[in-house]
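Residue strings, one per chain:
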Amino acid sequence: MPHYVLTLACPDRPGIVNAVTGHLLRYEGNILEAQQYNDRETDRFFMRTVFALAPESLAQVRAAFDTLARAFRMEWSLRDRGEPRRVMLLASRFDHCLADVLYRWRIGELPMAITAVVANHPRETYRHLDFDGIPFHHLPVEKGRKHEQEAALAALIDSTGTELVVLARYMQVLSAELARTLAGRCINIHHSFLPGFKGARPYHQAHARGVKLIGATAHFVTADLDEGPIIEQDTQRVSHHDTPDDLIRIGRDIERRVLAQALRYWLDDRILLNGHRTVVFAV
């Protein structure tokens, strides 16, 4: 039988788990995975459930669950895990994250439908990458015309039915308007250090300060630059032996794996927004 994934968030109260599992049982749904979390600070409840169900029962389950969800004031989603999510990849000159995502997609590690690769650099910049079967769009950012470029990007996102936009080291700041439009469905990968170094040549700044730990952060994009809800992070120790070039090399590796993990979580409906934070039901 097909597998479906149900995610929900709502004010916490007794009986939520019983209501959800009882509802699925009523239609002979077989629960395969169940994860839940109660945030005591906000008094909100989060749940992710994977279940098998005869496809002819899905419409009934969905319609009846809508009534249940209203009673518990739930924000919820019910999706067929067999249907690939539609993802758009945005890139600039640095293409290590783009190349890594494409490789993981081609070997089946990231099951998704890539709607397009969009870049502010021409196709020749990525001549060594295999875009076979993937539409490529060059949308340059010209001085004084960024609004037009973003309008074209927004139109492309709508026309392709894109569900998630991934900034695979796309070195352009999205406008507040576009960030709001893509709220909860745009992931960015950002180099992060302890302490943090902003602006140009961050790895050189880190080397000059003698950092001992570098890392990267995948987060949802918001109008506040690099302040969106965090999805995934990783770090690696470095030492005085490491040059700025060493830090760049190490940083690229961290960025690749952090972005891939965040994307993997999103594709499998493991991320739920909790205000300025996220609940991530990791494997």
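Values in this document were obtained by computation on a predicted structure and should not be read as measured data.

Visitor: Could you clarify how one ought to interpret the packing of aromatic side chains in this entry?
Guide: Between two aromatic rings, the relevant description is the distance of the centres plus the angle of the planes. For the structure shown, the criterion picks out six aromatic pairs. A centroid spacing of 4.9 Å and a plane angle of 65 degrees characterise the contact between Phe-65 and Trp-76, whose relative ring orientation is edge-to-face. Here Phe-65 is found in helix H2 (residues 58-72), whereas its partner Trp-76 is found in strand E4 (residues 75-80), with 11 residues between them in sequence. Accessibility expressed as a relative area gives 2% for Phe-65, which makes it buried. Measuring from centroid to centroid gives 5.9 Å for Tyr-126 and Phe-136, while their planes differ by 55 degrees, and the two rings are tilted. Highlighted residues: Tyr-126 in the loop between strand E6 (112-119) and strand E7 (136-138) and Phe-136 in strand E7, separated in sequence by 10 residues.

Visitor: What is the right way to look at the pattern of salt bridges in this model?
Guide: Where charged atoms from two side chains of opposite charge approach closely, those side chains can pair. Overall, the coordinates contain 22 salt bridges when judged by the stated rule. Put simply, Arg-145 and Glu-148 hold a salt bridge, and the shortest N to O gap is 2.8 Å. Given the relative accessible area of 41%, Arg-145 is considered partly exposed. Through salt bridges with shared partners, one network takes in Glu-33, Arg-48, Arg-81, Asp-268 and Arg-270.

Each value, and the rule that gives it
Residues numbered from 1 in each chain as written. Predicted model: local features only at pLDDT ≥ 70, side-chain atom pairs only at ≥ 80, totals over all residues. Heavy atoms only, no water. Phe/Tyr/Trp six-rings, centres within 6.5 Å; stacked < 30°, edge-to-face > 60°. Helix = DSSP H or I, 4+ residues; strand = E, 2+ residues; numbered from the N terminus. Buried < 20%, exposed > 50% of the residue type's maximum accessible area, 1.4 Å probe, protein only. Salt bridge = Lys/Arg side-chain N within 4 Å of Asp/Glu carboxyl O.

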